[in-house]
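Residue-level listing of the chains:
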Amino acid sequence: MDPAETMSYRPISNLSVLSKLLERLVSKQLVTYLKDNSLLPDRQSAYRAHHYTEAAVLKVLADILLALDTGNLAVLTLMDLTAAFDSVDHETLLRRLQTSYGLGGVVVSWFASYLTGRTQYVRSSANSSTPSAVLYRMPQRSVLGPILFLLNTADLLRLIRRHHLHPHAYADDTQIYGFCDSSDTKALRERLSVCMDDVSAWMMANRLQLNLAKTEVLWCSSARRQFQIPIGPVRVGNTSRRPLRSGS
């Protein structure tokens, strides 16, 4: 990586072994509570037992192949967040733990103490900068960080469903897909664009950022219906993406 680019440098968290042991105990209790109350997002395949990369791939692929077998076309958007784990706002996360997951009292106070009070500084050779408070970001290589990130972004999956599209996420990578008859591709493209507008607005409101440079659009069809795939660009936010093509 280019040493002259600030993007080449990522923070390093100094976490003690005792801290990670305590996090593991809390994580086990938190996940048990979320499972017992059916609060975990069902279309998120990361950082959970029996929810692996293969689960995300198989689910998305099976849905698309089933749609193609019925004669429909499918559009798939591969969405990525910019520095997702480094952008999590602590106040927003704590508020969501209360309003969306029913946590309160001493539990939220514990998570507040876990997230706040951390400092960071830059060190070069023998020189160090003045420490500053960390107001954003999940601690790197922490045990609780991944599950808290999933809870922080679960509302995004619900938002996508409201547009009658199908979401599936793996960590900070989210796939959005939908199906239509060949005569309705224009309507599906517009629905996808409107959905992406709402996704971008939601991310801005939650201090996250959609990485448009890594967002791709793919049209899928059976081999004999490839001529029905639209060739026009799809609007994603304030940019237009030239879609890729795939035939089965």
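Right above here is the structure, for reference.
Residues numbered from 1 in each chain as written. Predicted model: local features only at pLDDT ≥ 70, side-chain atom pairs only at ≥ 80, totals over all residues. Heavy atoms only, no water.

(A) A look at the overall build of the protein. From N to C terminus, the protein includes 6 helices and 11 strands. Counting only residues that meet the buried cut, the protein has 44% of its 248 residues in that class. Partitioning the intrachain contacts of the protein with sequence separation of at least 6 by distance along the chain shows that 71% fall at a separation of at least 24. Accessible area of the protein: about 14000 Å², with a carbon and sulfur share of 55%. The positive charge centre, built from 28 side chains, and the negative charge centre, built from 21, are 2 Å apart in the protein. (Helix = DSSP H or I, 4+ residues; strand = E, 2+ residues; numbered from the N terminus. Buried < 20%, exposed > 50% of the residue type's maximum accessible area, 1.4 Å probe, protein only. Contact = heavy atoms within 4.5 Å. Areas by Shrake-Rupley, 256 points an atom, 1.4 Å probe, with all protein chains shown as cover. Lys, Arg positive; Asp, Glu negative; His and termini not counted. Charge placed at Lys NZ, Arg CZ, Asp CG, Glu CD.)

(B) A look at the nonpolar core. If you look at the biggest cluster of nonpolar residues, it comprises 47 residues, and the most contacted ones within it are Leu30, Leu97, Phe111, Leu148 and Met203. In terms of residues, this core owes the most to one element, helix H5 (residues 144–162), which gives 10 residues. Ignoring any residue separated from it by four or fewer positions in sequence, one finds Leu30 in contact with Leu103, Phe111, Leu144, Ile147, Leu148 and Leu151. Formed by 8 residues, the second largest nonpolar core is a distinct cluster that contains Ile64, Leu68, Ala74 and Leu218. (Core = buried A, V, L, I, M, F, W, Y, C linked by side-chain atoms within 4.5 Å.)

(C) Layout of the state of the cysteines. All chains considered together, the criterion is met by 0 disulfides. Here Cys180 stays unpaired: no disulfide links it, and the sulfur of Cys220, its closest cysteine neighbor, is 11 Å away. Residue class for Cys180 comes out buried when judged on its relative accessible area of 8%. Distance from the sulfur of Cys195, which forms no disulfide, to the nearest cysteine sulfur (Cys180) is 15 Å. (Disulfide = S-S within 2.5 Å.)

(D) Spatial organisation of helix H6 (residues 185–205). Between its first and last C-alpha atoms H6 spans 30 Å; for 21 residues at 1.5 Å apiece the expected length is 30 Å, and the two agree. Inspection of H6 places Thr185, Leu188, Leu192, Ser193, Cys195, Met196, Val199, Ser200, Trp202 and Met203 among the buried residues, and these make up the whole buried set. Buried residues along H6 sit in contact with strand S1 (73–80), helix H3 (90–99), H5, strand S7 (173–180), strand S8 (216–221) and strand S9 (234–236). Within two residues after H6, Arg207 carries a phi angle of roughly 60 degrees, on the positive side. (Expected span 1.5 Å × (residues − 1).)

(E) Summary view of the packing of aromatic side chains. Throughout the structure, instances matching the rule amount to 5 aromatic pairs. On the basis of an interplanar angle of 20 degrees and a centroid distance of 4.3 Å, the ring pair of Phe85 and Phe149 is categorised as stacked. With Phe85 in the loop between S1 and H3 and Phe149 in helix H5, this pair connects stretches of sequence that are 64 residues apart. A relative accessible area of 23% places Phe85 in the partly exposed class. Under the relative-accessibility criterion, Phe149 is labelled buried at 0%. Consider the rings of Trp110 and Phe111, whose centres lie 5.3 Å apart with planes at 90 degrees: the pair is edge-to-face. (Phe/Tyr/Trp six-rings, centres within 6.5 Å; stacked < 30°, edge-to-face > 60°.)

(F) Summary view of unusual backbone geometry. The phi torsion at Ser38 lies on the positive side, around 50 degrees, for a residue other than glycine. Locating Ser38 in the fold gives a position in the loop between helix H1 (17–36) and helix H2 (53–69). Phi at Arg137 takes a positive value of approximately 90 degrees, unusual for a residue other than glycine. Relative to the elements of secondary structure, Arg137 occurs in the loop between strand S5 (132–133) and H5.

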